[in-house]
Amino acid sequence: MTTRRAYGLTLLAALTYTSLMFCWFTLPAYLSTIQTELTLTGTQAGLVAGAVPLVYIPLALVSGLVVDRVGAGRSLSVGLAIVAVAQMARSVAGGFPSLLAATLLLGVGATAITFGLPKLVSTLFPAGETGAASSLYLLCASAGTAGAFSVGRPILGPALGGWRPLFLASGAVALGYAFVWVLVARTAVPEAETDSGFELASLTADLRAILSNPALRLVVVLGVVYLSVLHGLQGWLPTILESRGMASGTAGQTATLLVVANAAGILTIPVLADRYDARRVAVVCCGAAVAVGVATIARTGVGVALLAGIVCTGLGVGGLSPLVRAIPPELDGIGPRLTGVAVGFVFAGGEVGGFGGPVVIGALYDATGTYATGLGLLCLGGLAAVAAGTRLDV
């Protein structure tokens with residue numbers, strides 16, 4: 001397969017990630033409205049905002065094993081179809097239980113997409129080129145998130161009549177693209193992606209190789225930090241900004257700065273790290289950027305300093321995002337064959353932070369009346385990434 005064809009296939013596959021992230025983050029974009037309409041407490045709102053990451057904790061390893069055997073082609077199409085059905089179910093939620101259940105279902109589909117894309121990239125590209133390809137699909141993911149905040153909330157939602165019609169329409173579009181990807185996968189995804197088995201001995205050997213890898217455990221720490229900060233801020237930043245006096249539309253558009261900076265980090269940091277063989281330095285710098293940026297958000301009011309803190313945080317998280325996906329296939333004992341389950345292991349641990357980030361921010365706000373306490377914990381996470389990065393030999 002030519003490089004151009006490989007990148008073209010990666011781009012088409014990455015649009016499943018765009019659809020996922022738009023559907024996922026329409027809820028945080030409308031969180032304050034939904035919280036009021038469904039009379040959710042801060043803790044309940046945090047649980048809903050963190051429900052998708054919660055799914056990854058028990059399912060990530062299983063999903064990774066399945067992706068390694070079923071293949072990226074079918075994993076992405078089935079995953080997006082599940083996301084679409086869940087998003088349409090969220091559009092008719094009548095309260096906290098039904099909204100939470102639909103969001104958990106969305107998380108099931110999200111795991112297939114999250115692990116299917118690294119698997120696809122690891123088989124289409126040589127190890128030294130996976131960073132740029134990973135940046136491509138993560139950029140598409142960022143486009144979906146940005147679209148939810150900058151287009152979905154202030155433009156499409158009001159035009160369609162509110163959050164419920166927006167959720168229904170976006171779910172229908174995602175379902176349509178799931179069928180498009182089925183056709184693409186049947187003709188373009190290499191057969192080697194779909195010919196592995198589910199023998200017990202094979203499953204056990206793969207799990208043993210993953211769980212006993214010390215370097216991969218350090219990547220799990222990075223995953224915890226990356227996902228706690230990302231989901232914590234994406235889930236709560238618009239609401240935090242509204243609490244400081246911003247209008248809801250302005251808050252949503254300002255929160256898009258986090259996504260834009262995240263995209264900039266995704267595009268530049270892994271490429272530079274690969275070019276200069278400096279992935280450890282990149283990890284340390286990204287952790288430091290997260291710590292400084294979140295501390296700035298916590299301690300400043302509306303103004304230039306706040307915007308700078310959002311951008312700094314986004315750059316740091318953006319750099320960590322492709323690195324936690326690109327590093328596992330190059331570790332001794334992992335390689336392309338175990339990419340799905342290795343990334344699944346990273347997310348199984350990492351999504352403890354992904355779930356805990358939004359929940360802790362909401363719970364601590366209920367307890368203290370301020371968002372600064374929860375943001376302070378995210379700041380400590382950035383320092384933990386610095387510590388892990390100094391020990392990582394990459």
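Residues numbered from 1 in each chain as written. Predicted model: local features only at pLDDT ≥ 70, side-chain atom pairs only at ≥ 80, totals over all residues. Heavy atoms only, no water.

## Section: the overall build of the chain
Move 1: On a plain count of helices and strands, the chain comes out with 15 helices and zero strands.
Move 2: Here the C-alpha atoms of the chain give a radius of gyration of 19 Å, agreeing with the 21 Å that 2.2 N^0.38 yields for 394 residues.
Move 3: If one aligns the C-alpha atoms of the chain with their principal axes, the spans along those axes are about 55 × 45 × 35 Å.
Move 4: Buried positions account for 57% of the 394 residues belonging to the chain.
Move 5: A separation of at least 24 residues holds for 86% of the contacts in the chain among residues at least 6 apart in sequence. (Helix = DSSP H or I, 4+ residues; strand = E, 2+ residues; numbered from the N terminus. Rg over C-alpha atoms; globule rule 2.2 N^0.38 Å. Buried < 20%, exposed > 50% of the residue type's maximum accessible area, 1.4 Å probe, protein only. Contact = heavy atoms within 4.5 Å.)

## A short note on the nonpolar core
Move 1: Counting residues in hydrophobic clusters, the biggest one holds 119 residues, and the most contacted among them are Tyr-17, Leu-20, Ile-34, Trp-181, Leu-216 and Phe-347.
Move 2: Among the elements that take part in this core, helix α10 (residues 214-243) stands out by supplying 15 residues, more than any other.
Move 3: The residues touching Leu-216, leaving out its near neighbours within four places in the chain, are Ile-210, Pro-328, Leu-331, Ile-334, Ala-342, Phe-345 and Val-346. (Core = buried A, V, L, I, M, F, W, Y, C linked by side-chain atoms within 4.5 Å.)

## Observations regarding the confidence of the model for the chain
Move 1: Here the chain shows a mean pLDDT of 88. Residues at 70 or above account for 97%.
Move 2: Taken element by element, the predicted model of the chain shows its lowest mean pLDDT in helix α9 (residues 200-211) (77) and its highest in helix α5 (residues 72-90) (95). (pLDDT = per-residue confidence, 0-100.)

## What about α5?
Move 1: With 19 residues, α5 should reach 27 Å at 1.5 Å per residue; the first-to-last C-alpha distance of 27 Å fits that figure.
Move 2: Looking at the buried side of α5, the elements it contacts are α1 (3-29), α4 (51-70), α6 (96-124) and α8 (163-188). (Expected span 1.5 Å × (residues − 1).)

## Re empty space enclosed by the protein
Over the atoms, a rolling probe the size of a water molecule traces out where space has been left empty.
Move 1: This model, assessed by the stated rule, comprises three cavities of 30 Å³ or more.
Move 2: Here the largest cavity is characterised by a volume of approximately 180 Å³.
Move 3: Breaking the lining of the largest cavity down by element, the ones donating at least two residues are α1, α7 (130-160), α10, α11 (248-275), α13 (304-326) and α14 (339-368).
Move 4: Take the lining of the largest cavity: its biggest share by element is five residues, from α10.
Move 5: Per-class residue counts for the lining of the largest cavity are 11 nonpolar, seven polar and two charged. (1 Å grid on protein atoms, 1.4 Å probe; cavity = no way out; pocket = protein on both sides within 12 Å on 5 of 7 lines; lining within 4 Å. Points joined across faces, edges and corners; volume = space filled by probe spheres on them. Nonpolar A, V, L, I, M, F, W, Y, C, P; charged D, E, K, R; others polar.)

## Side note on the packing of aromatic side chains
Move 1: The final tally for this structure, using the stated rule, is 10 aromatic pairs.
Move 2: Seen from their ring centres, Trp-24 and Phe-25 are 5.0 Å apart, and the 10° between their planes marks the pair as stacked. Residues Trp-24 and Phe-25 agree in their burial class; the two are buried.
Move 3: Residues Tyr-56 and Phe-115 carry aromatic rings whose centres are separated by 5.9 Å and whose planes lie at 85° to one another, so their mutual orientation is edge-to-face. Taken as a pair, Tyr-56 in helix α4 and Phe-115 in helix α6 lie far apart in primary sequence, 59 residues in all. The same class applies to Tyr-56 as to Phe-115, namely buried.
Move 4: Through pairs of rings, three or more aromatic residues link up here, namely Trp-24, Phe-25 and Phe-149. (Phe/Tyr/Trp six-rings, centres within 6.5 Å; stacked < 30°, edge-to-face > 60°.)

## Some words on the side chain of His-231
Move 1: Examined against the element boundaries, His-231 turns out to sit in helix α10.
Move 2: Ignoring sequence-local partners within four residues, the contact set of His-231 consists of Trp-24, Phe-25, Pro-53, Glu-351, Gly-354 and Pro-358.

## Some thoughts on a nonpolar patch on the surface
Move 1: Taken together, the side chains of Leu-59, Val-85, Leu-105 and Val-108 present a nonpolar region at the surface, about 260 Å² in accessible area.
Move 2: Within the secondary structure, Val-85 sits in helix α5.
Move 3: With relative accessibility at 44%, the residue Val-85 sits in the partly exposed group. (Patch = residues over 30% accessible without salt bridge, like charges linked within 9 Å, V, L, I, M, F, W, Y side chains within 5 Å. Areas by Shrake-Rupley, 256 points an atom, 1.4 Å probe, with all protein chains shown as cover. Salt bridge = Lys/Arg side-chain N within 4 Å of Asp/Glu carboxyl O.)

## A short note on unusual backbone geometry
Move 1: At Thr-39, a position not held by glycine, the phi torsion is positive, near 50°.
Move 2: Tracing the chain through its elements places Thr-39 in the loop between α2 (31-37) and α3 (42-49).
Move 3: Residue Thr-39 is classed as exposed on the basis of its relative accessible area, which comes to 63%.
Move 4: Despite not being glycine, Asp-277 has its phi angle at roughly 50°, a positive value.
Move 5: Tracing the sequence through the fold places Asp-277 in the loop between α11 and α12 (279-299).
Move 6: The class for Asp-277 is exposed, based on a relative accessible area of 65%.

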